[in-house]
Amino acid sequence: SETDKGTYPFYMLKEIDEQPNVMRQLASVYLAENGNPVIDPELLEAMQAADRIYIVGAGTSYHAGLVGARLLENLAHVPTEVHVSSEFAYENPILSDNPFFIFLSQSGETADSREVLVNVNNSGYPSLTITNVQNSTLSREATYTLLLHAGPEIAVASTKAYTAQIALEAILAKALGEVEGQIVAQNFDIRQQLGLVATGMQAIIDEKQELEKLSNDYLMDTARAFYIGRGIDYTVSLEAALKLKEISYVQAEGFASGELKHGTIALIEDGTPVIGIITQEKTAGLTRSNLVETKSRGAHIMTIVRQGLAQPDDTIVIPDVEELLTPLLSVVPAQLLAYYTSLNKGLDVDKPRNLAKSVTVE
Ligand code: G6P
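We now turn to the structure provided with this report. Here the structure is a predicted model, which is why all the values come from computation and not from measurement.

Of all six residues in strand β6 (residues 224–229), five are buried; the element is thus mostly enclosed. Judged from the six bridges that link them, β6 and strand β7 (residues 251–256) form a sheet pairing that is parallel. If you follow Ile228 over to β7, its bridge partner there is Phe255. One crossover worth recording links β6 to the parallel β7 by way of helix α12 (residues 232–248), and it is right-handed. Inspection of the sheet shows β6 paired to strand β8 (residues 273–278) by three bridges, in the parallel sense. Bridging from a neighbouring strand, Phe226 pairs with Val274 of β8.

Written out as structure tokens, the structure is:
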């Protein structure tokens, strides 16, 4: 059945492996034969009427929101803010005149996010919940719902829900951009791109022994590690670090690579692993320089690089896709590095200490 581990030792590995199929599934549910998005026109109308979009989420869903904001701003040209739900709920930020809220939640049950939705509903603002669970609380209480169709996610550390959220945000951003008449959205071949993403994910998964070896050589015995990047790569570095820390207990942090020199670089010692995520042409050189700065302080540097930007010394090369969609691929090696570090430490990969799959207290 869907919730059977089969031959997998842990659900997390099964769920990582399912990601190419989740991409194909989303394309088949939300794209027509001709590749055009099939999204409820009323939802698009409500979004079109908004002057600003607010994305709200917790944990990995918050990280997927950080990518979603870039997709919405680039493809639909609508100003988008992303907020951690537990912060937003009690801060009463000043909103725009016509806000539209997007709730991201794998489970649809996160209490902090629900608290925000209750306030949104009290104010009469329109909202969309993007969730993996039909009839979940956040789905029932929001104006609109889009389902992730990722199948049940059992491992506490979220993997396929993150990539499903980003892919669906991309489809939504393309659909909204098209109704807004944005050329960039019209030219964005989402169906072709999701196909490339699925194949690319599979190529990374097929090389997983390489990632196990990197984990053994550089992550197993370290107390701390850093992922760094700029822009969209920075947002992925946050998710990559979260994966590593939550299941392997390595103190991992994601950092904006330009910000390291303002403090964090003081933590670099001999052998500290620093992994640079490099997928964006305009910032690739800068992140490479920042990596060299850590190397000259003793760091062991590694890279996750998009093929088109790769150099001979790069560590992990991922296939090329549209720059806006690279998080769908750059996160996969990080998921596998975290998985193998946890596995080979003999930890319970699926049930890390102190954590729950769905957090229904504030
Ligand atoms: C918990 C889970 C995380 C998840 C977060 C938000 O902390 O362990 O994996 O990202 O909740 O959950 P949600 O269901 O709202 O996406």
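On to the site of the ligand, then. Residues in close proximity to the ligand total 15 residues, the closest being Gly59, Thr60, Ser105, Ser107 and Thr110. Per-element tally for the shell around the ligand: the top contributor is helix α4 (residues 59–76), with three residues. Looking at the shell around the ligand residue by residue, the classes come out as four nonpolar, 10 polar and one charged.

Note on placement: Met12 falls in helix α1 (residues 11–17). For the pair Met12 and Leu336, spaced 324 residues apart in sequence, the C-alpha to C-alpha distance is 9.3 Å. When sequence neighbours within four positions are dropped, the list of residues in contact with Met12 reads Ala155, Ala157, Thr159, Tyr339, Val349 and Asp350.

For the rest of this paragraph, the subject is the environment of Leu117. With respect to the element layout, Leu117 can be found in helix α6 (residues 111–123). Residue classification places Leu117 among the buried positions, given that 23 C-beta atoms sit within 10 Å. Excluding residues within four positions of it along the chain, Leu117 makes contact with Phe103, Ser127, Leu138, Glu141 and Ala142.

The strands making up a sheet are joined through hydrogen bonds of the backbone, oriented either antiparallel or parallel. In spatial order, the strands read β7-β6-β8-β9-β10; together these five strands make up an open sheet with parallel pairing. In this open sheet, the two edge strands, each paired with only one partner strand, are β7 and β10 (316–318). Across the sheet, the axes of successive neighbouring strands diverge by a mean angle of 15°, strand direction being ignored. Contacting β6, β8 and β9 (300–306), helix α13 (residues 281–295) runs over the sheet at an angle of about 175° to β8.

The strand order β2-β1-β3-β4-β5 describes an open sheet built from five strands, whose pairing is parallel. The open sheet is flanked by β2 (80–84) and β5 (144–147), the only strands paired with a single partner. This sheet shows a mean twist of 20° between the axes of neighbouring strands, independent of strand direction. The sheet contact formed by strand β3 (residues 99–105) and strand β4 (residues 127–131) spans five bridges and is parallel. When the bridges of β4 are listed, Ser105 appears paired with Thr131.

Closest axis-to-axis distance for the helix α3 (residues 41–48)/helix α8 (residues 160–179) pair is 10 Å, and the angle between their directions is 70°. By the criterion of interaxial angle, the relationship of α3 to α8 is roughly perpendicular. Residues Leu44, Met47 and Gln48 of α3 lie in contact with α8, whose contacting residues are Ala175, Leu176 and Val179. When grouped by side-chain class, the residues that make up the contact of α3 with α8 number five nonpolar, one polar and no charged.

Thresholds, definitions, all that
- Residues numbered from 1 in each chain as written.
- Predicted model: local features only at pLDDT ≥ 70, side-chain atom pairs only at ≥ 80, totals over all residues.
- Buried ≥ 20, exposed ≤ 12 C-beta atoms within 10 Å, placed from the backbone.
- Helix = DSSP H or I, 4+ residues; strand = E, 2+ residues; numbered from the N terminus.
- Pairing = 2+ DSSP bridges.
- Right-handed = clockwise from strand over helix to strand, strands pointing away.
- Near = placed C-beta within 6 Å.
- Nonpolar A, V, L, I, M, F, W, Y, C, P; charged D, E, K, R; others polar.
- Contact = placed C-beta atoms within 7 Å.
- Axes fitted to C-alpha atoms, helices over the stretch in contact; angles between N-to-C directions.
- Parallel < 35°, antiparallel > 145°, perpendicular 65-115°, else oblique.

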